[in-house]
Amino acid sequence: MATHYRTCHICEANCGVVIETQGRRVLSIKGDAENPLSRGHICPKATALADLQDDPDRLHKPVKRVGDAWVEIGWSEAYAEIAERVAGIRQAGGETAMYIGNPSAHNYSTAAQIPLLRKALESKANFSASSVDQVPHQLVQMWVYGHNAMFPVPDIDRTAHMVIIGGNPLASNGSVWTVPDVKKRILALQARGGRLTVIDPRRTETADIADLHHFIRPGSDPALLVALLLSLDEAGLVAPGRLGAMLAGWDTAWAALRRFDIEACAAACSIDAGDIRALAAALGDGTPAVVYGRIGVSTASFGTLNHWLIQLVNIATGNLDRVGGAMFTAPAVDLVSQTGSGTRGRFFSRVSGHPELLGELPAVAMAEEIATPGEGQVRALVTIAGNPVLSVPDGGALDTALETIDLLVCIDMYVTATSTHADYILPPCGPLEKDHYPLFLAPIAIRNFANYSPPVFEPAPDSRSDWEIIAELARAIAGACGQPLPNIVPPRETLDRMLRNSPRGLTLAEVEAHPHGLDLGALEPRLPDRLRTHDKMINCAPPELVDDLDRFGDWLAAAPEPGLVLIGRRHIRNNNSWLGNSRRLAKGPARCTLMIAPADAEARGIRDGAMVVVTSASGRVEVAAEITDTVMPGVVSMPHGFGHGRKGVKLSVARERPGASINDLTERSRIDPLSGNAALVGTPVSVESLTHAVAAE
Ligand code: SF4
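Another point: the sheet that holds strand 4 (residues 63-66). Pairing is mixed across the open sheet formed by 7 strands, whose spatial order is 5-4-19-18-17-6-7. In this open sheet, the two edge strands, each paired with only one partner strand, are strand 5 (69-72) and strand 7 (125-128). If you compare each strand with its neighbour and ignore which way they point, the axes differ by 20° on average. When strand 4 meets strand 19 (residues 424-426), the two strands line up antiparallel, connected through 2 bridges. Its bridge partner being in strand 19, V63 is matched across the sheet by I425. Strand contacts of helix 2 (residues 75-91): strand 4, strand 6 (95-100), strand 17 (378-384), strand 18 (407-411) and strand 19, with the helix running at about 140° to strand 18, the strand carrying the most contacts.

Let's shift gears to the site of the ligand. Lining the immediate surroundings of the ligand are C8, I10, C11, A13, N14, C15, I42, C43, K45, A46, N173 and P180. A class-by-class count of the residues in the shell around the ligand yields 9 nonpolar, 2 polar and 1 charged.

One can find V26 in strand 3 (residues 25-31). Separated by 28 residues in the primary sequence, V26 and D54 have C-alpha atoms spaced 9.0 Å apart.

This part takes up the domain arrangement of the protein. Splitting the protein by domain gives domain 1 (63-133 + 335-520), domain 2 (135-331 + 540-546) and domain 3 (561-696). Each of domain 2 and domain 3 was reduced to a C-alpha centroid, and the two centroids are 28 Å apart. Breaking the side of domain 2 that touches domain 3 down by element, the ones donating at least two residues are helix 5 (135-144), helix 6 (169-172), helix 13 (295-298) and helix 14 (303-316). Residue contributions to the side of domain 2 that touches domain 3 peak at 3 residues, all from helix 5.

Further remarks concern unusual backbone geometry. Peptide bonds are trans in most cases, and residues, glycine excluded, mostly fall at negative phi. In this chain, L527 is followed by P528 through a cis amide linkage whose omega measures 10°. Residue placement: P528 occurs in the loop between strand 21 (518-522) and strand 22 (538-539). Its identity is not glycine, yet S270 carries a phi of approximately 65°, on the positive side. Along the chain, S270 turns up in the loop between helix 11 (262-269) and helix 12 (273-283). S270 sits in the partly exposed class, given 19 other C-beta atoms within 10 Å.

Reading the values: the criteria
- Residues numbered from 1 in each chain as written.
- Predicted model: local features only at pLDDT ≥ 70, side-chain atom pairs only at ≥ 80, totals over all residues.
- Pairing = 2+ DSSP bridges.
- Helix = DSSP H or I, 4+ residues; strand = E, 2+ residues; numbered from the N terminus.
- Axes fitted to C-alpha atoms, helices over the stretch in contact; angles between N-to-C directions.
- Contact = placed C-beta atoms within 7 Å.
- Near = placed C-beta within 6 Å.
- Nonpolar A, V, L, I, M, F, W, Y, C, P; charged D, E, K, R; others polar.
- Domains from an automatic or database assignment.
- Buried ≥ 20, exposed ≤ 12 C-beta atoms within 10 Å, placed from the backbone.

See the structure below:
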């Protein structure tokens, strides 16, 4: 028997785990009580590490599509054939593209290799899950603080009042916020006399333990945030304190905001003006407080505006860069000092003219870039740890587009709804056969920490880690296209160099000497030194955001559209589309249901548990109704990450209860125009009982 200390890399929480093994068998996975960040906490998903490792549905060798069959092929042969086809497509004028899935953010070792493949593909059509998730955060940070990676982190352990808008950390374990054991931290906040306020169109698991919950009309967050700012102003509670000396454009921002009216904003977001004034009074009472907005405010048509307004609230109340407020980390690998600040608008997508952001085009543009003929049409796509058919709005359109593409290469462990279209699938080794460092997650953690996890198992013979596949494929394509061959540096070397080059100057050996993780202390105020703006000031009034208030004003003046709107949701036993094949996680009551408020169900003659048809401008799905007063009237909710029943998918457990994909309903045309992020929140839908629909047909 052997004992291994490791970080669970499945979600952003980065919990420490103790894994007992015998030979290549996992005997147990438990929380590591000595891990300074997670203190013994794990969630049910930790067991999925073993399920993924041992899943009989996992691919172990590269496969090539021959007719309707998958045929095993050697690594070198696969690389050579792919490279030759890429070269041919490029010579014929076709564009090559890449899509990076969300697991890549949890996999430090691919970070240095992805640019090699991007360069070899010579593609500007780079897409990722970031633009169906968090790019509005990064765009605001780039404009306001001068670097896209300057994430303000809610200091939950020392705050007196936490306000969560559109986030459900009890299900997500924190998102763009590494906060293991968040429930205990919330209970500790309440035990010390503090409070939690949750604002969400659904009474979520987090709202259930909050001191106060307000329903909010989906997509109306700027109305709440503007009203909060105006209420602070009205009550004379605008008090940035020491931040005052660092604020550029503060008066410009206020001049732009004061044209709006608290009552009109309150009506638009469906929260009583008195409640908004009370919340402003609480936030402005001088005690440490923090407003945190997440997926519900990010994946909205005002996603970037929302995050700017959240910064303004935290600044106006003096809670930015304050203990107990929104703070900046000092991680062992400092990405802010070692990467560029970010770019926007250097080039534009071919079909719809979306501006590039951080080197990528919006994921909503993928289907049209593949399907629209003309110069620069995407004819080859490489996906890395992604399943965009289920993750990107209007997955049906992408599904159809992928049937027509000349070459699809998927670096993936499974035959999924996306890789079922592939010409080649290149499967990486199991999750316990590779090392882990929280390169992108430590910078968003509630404490400064470092933790290196060596592999639990030796890789199986002739297997490859993701980084090796990406690097080897990049070399093969570069060779076939007549480019200089890229220099491949093993990830451990890159990590050691990044640690040494960061202000803390640690080495990988020093980090490795702490198998439970190295605690580098609580977050500390870092401004103004941390600012990366040219004038070392906080840019409170980026012109694009001030201008976007005009769009908000137009929205405010328009009457709300009648009918139901759709929002997503997440469950603690799911993680996007990744974990549907773990039997331990899949068991229990069916989770892919359409939550609908009692009055909305009654008006449509819908019974609890009955199948309903949900229709949007993009598509139609059938799903069981779950009548509940936990959703706001006028709102229906479906989880994301389901829909594994598509043709060819080889996920035997997930196919037993495949559910429907919410992204067969979301729309490619609904975006935040500043960031290009998908507006998943508030998709207009109609819902009717399946029996009625069949009778009508
Ligand atoms: S909370 Fe996240 S990191 Fe922690 S055990 Fe669960 S999945 Fe793993």
